[in-house]
Amino acid sequence: MEGRGSFSPRPSDYSSYPTPSHHPGDDADDELDDDDDRSERDHYNKMMFHSELFYGEDSENTSESSSGRNSPAPSVYSYHSSIDGSALLRDLHGRVLNSTSERYALPADVEEHGRLDLQHEMLKRKRNGLFFAQQAVRRALAPREGLERAALDVGSGSGSWLIDMAKQFPHVDFLGIDLAPANLNMTPPPNCRFECDDVNLGITHYKNCFDLIHISCVTPGIENYRKLMDEVAECLRPGGVYLTVEGDMNLHDEKGDLVPELNEGVPARGPGNDNATRIYTMLQDQGPIWKTIGQKVIYIPVGPWEEKMSDKDRYTSELMRQNFLRMIQSVRPLLLSFGYFEETVDKWSAGAMDEIENMKNKYYVRWLFTWAVKPGKPT
């Protein structure tokens, strides 16, 4: 979609029309009816089928399957850049990671993007749509003469959220930026594009360019999250909306209390994890830069262990369990890079997967959805 990116003041050598992954679910609506409960199992079965295409029933990572370029579907547009995609990727302990920044240490391969697809579907179902603060978002993105609406997704990952939003708001230009190319099994909508960039280098070249900025699950990879928040405010137009989504990287028991013995090792996963729980406070500290701020906290069971769950809640909690199981595999390269013996990591992984698969204990993961609206009326 060259020529449409009026909000991008500089051409990017890292523009990506990426490579294959699965994007589950139907075209997103902002509201999902409770009547959809009856179809949750069908959605989940379809998703697990596609997930097996990525992992196999007894999956083992190989250099071929971990290249980040293989997929059940042929590439629709492998990579479009003056710099080959391999320059942005590196192999680490059998997985593919970005080579741009060592701070964000989770993989960037097809397997990881498949996990992010599951996570996207889980969050979409849990909040009955793609975002909270619906009135503010719809007002900010409402079409008006004289100025094309634009939205930015920081840490766009597999591209699921961005593509769903682009379908729901076809009059808005959507830009997703991440450290590595997304993996798509479809041509993105014409109002949706992706670029590779490191937001730690700054985003103020997008000053006053966007009506909506969405940042999801990237806090460990951000060097100075408060600085990023200040830059987000600069990049939003009057009346613009800032949306964030973060899991707090901790397990909670059935009463909602932290399970300390399971969370002691969380800081080892990378710096910046505590920022996930501090975003609302940091928004308050920014003062009158925001007209309104809000937050919704949701606890999602790791597996369908709660009594009298609806089909929808069972489906969502099962997705949380599958997401968690895949996360165990995703952190393996990071743990090995910290110097842990392979036998130690494999033993821990096997024990953790057994506990989660068989729901030996009842756990929640806490998710924080935070938003802020900039003063002024959308122009």
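For the structure given in this document, a descriptive report is provided here. Here the residue numbering is sequential within each chain, running from 1 through the sequence in written order. In keeping with the predicted nature of the model, local features appear solely for residues at pLDDT of at least 70, side-chain atom pairs appear and are counted solely at 80 or more, and the whole-chain, interface and lining totals rest on all residues. Side-chain metrics in this entry use all non-hydrogen atoms of the structure; hydrogen atoms and water are not considered.

It is worth spelling out the overall build of the protein chain at this point. Only runs of H or I of at least four residues qualify as helices and only runs of E of at least two qualify as strands under DSSP, and these elements are numbered from the N terminus. When you go through the protein chain residue by residue, the secondary structure sums to ten helices and ten strands. Any pair of residues with heavy atoms lying within 4.5 Å of one another is described as a contacting pair. Across the protein chain, every contact between residues at least 6 apart in sequence was considered, and the portion connecting residues at least 24 apart equals 76%. Note on areas: Shrake-Rupley with a 1.4 Å probe; residue coverage comes only from the protein chains shown. For the protein chain, the exposed surface amounts to about 16900 Å²; the carbon and sulfur share of it is 48%.

The span you would expect from a helix comes to 1.5 Å times its residue count less one. In a regular helix each residue adds 1.5 Å, so 20 residues correspond to 28 Å; helix α8 (residues 311-330) covers 28 Å between its end C-alpha atoms and thus fits that length. We call a residue buried when its accessible area falls under 20% of the maximum for its residue type, exposed when it is over 50%, and partly exposed in between, using a 1.4 Å probe and counting protein chains only. For α8, the buried fraction is high: 15 of the 20 residues fall into the buried class.

Let us look at the packing of helix α2 (residues 110-126) against helix α4 (residues 160-168). Two quantities define a packed helix pair, namely the angle between the axes and the distance from one axis to the other. Structural elements are reduced to axes, namely lines fitted to C-alpha atoms, with helices fitted over the stretch in contact, and the angle between N-to-C directions of any two is expressed from 0 to 180 degrees. Closest axis-to-axis distance for the α2/α4 pair is 9 Å, and the angle between their directions is 50 degrees. With respect to α4, the axis of α2 lies oblique. Of α4, the residues touching α2 (which contributes D117, H120 and K124) are S160, W161 and D164. Gly counts as polar in this scheme, as do all residues outside two lists: the nonpolar Ala, Val, Leu, Ile, Met, Phe, Trp, Tyr, Cys and Pro, and the charged Asp, Glu, Lys and Arg. Class assignment of the residues belonging to the contact of α2 with α4 gives a composition of one nonpolar, two polar and three charged. Any angle between 65 and 115 degrees counts as roughly perpendicular, while under 35 counts as roughly parallel, over 145 as roughly antiparallel, and the rest as oblique.

What follows deals with the pairing of strand β2 (residues 89-92). What makes two strands pair is DSSP finding at least two bridges between them. Note that β2 and strand β3 (residues 95-98) share four bridges and pair antiparallel. By the bridge assignment, R90 is partnered in β3 with L97. Linking β2 to β3, which pair antiparallel, is a turn of two residues; within it H93 sits at a positive phi near 50 degrees.

The next thing to look at is the pattern of salt bridges. Where charged atoms from two side chains of opposite charge come close, those side chains can pair. Within this document, salt bridges are pairs made up of a side-chain nitrogen of Lys or Arg and a carboxyl oxygen of Asp or Glu, the two lying within 4 Å of each other. The tally for this structure, following the rule as stated, stands at 16 salt bridges. In this structure, R366 and D248 form a salt bridge, with 2.8 Å as the shortest nitrogen-oxygen distance. A residue pair is termed long-range when its members are at least 10 positions apart, and R366 in strand β10 (residues 364-373) and D248 in strand β8 (residues 236-252) qualify at 118 residues. Overall, D248 belongs to the buried group, its relative accessible area being 2%. We note a salt bridge from K360 to D354, for which the minimum N-O separation is 2.4 Å. Bridged by salt links that share partners, the residues E121, K124, R125 and D164 form one connected network.

The topology assignment puts L147 in the loop between α3 (134-141) and β4 (150-154). Separated by 232 residues in sequence, L147 and T379 have C-alpha atoms that sit 7.8 Å apart. Apart from the residues lying within four places of it in its own chain, the contact partners of L147 are R237 and T379.

Each nonpolar core is a collection of buried residues, namely Ala, Val, Leu, Ile, Met, Phe, Trp, Tyr and Cys, held together in the definition by side-chain atoms within 4.5 Å. Counting 47 residues, the largest nonpolar core has M165, L212 and W367 as the members making the most contacts within it. In terms of residue count, the dominant contributor to this core is α8 (six residues). Here L212 is in contact with V137, L141, A150, A151, L152, W161, M165, L236, V241 and L243, once residues within four sequence places are set aside. With 27 residues, the next largest nonpolar core counts V199, V218, L228 and A372 among its residues.

A few words now on the packing of aromatic side chains. Side-chain rings of Phe, Tyr and Trp, where Trp is taken by its six-membered ring, are said to pair if the distance between their centres is within 6.5 Å; with planes under 30 degrees apart they count as stacked, over 60 as edge-to-face, and otherwise as tilted. This structure, assessed with the given rule, holds seven aromatic pairs. Measuring from centroid to centroid gives 5.9 Å for Y242 and W290, while their planes differ by 25 degrees, and the two rings are stacked. Residue Y242 is found in strand β8, and its partner W290 is found in the loop between α7 (279-285) and β9 (292-301); the two are separated by 48 residues along the sequence. For the residue pair Y242 and W290, the accessibility class agrees, reading buried in each case. Through pairs of rings, three or more aromatic residues link up here, namely F132, F369 and W371.

Patch definition: residues with relative accessible area over 30% and no salt bridge; like charges joined within 9 Å; nonpolar side chains (Val, Leu, Ile, Met, Phe, Trp, Tyr) joined within 5 Å. Only four residue types enter the charge count, namely Lys and Arg as positive and Asp and Glu as negative; His and the chain termini do not. To locate a charge, the coordinates of NZ of Lys, CZ of Arg, CG of Asp or CD of Glu are taken. A surface patch of like charges, here positive, comprises R139, R144, K291 and K377. Looking at the secondary structure, you find R139 in helix α3. The exposure class of R139 is partly exposed, given its relative accessible area of 41%.

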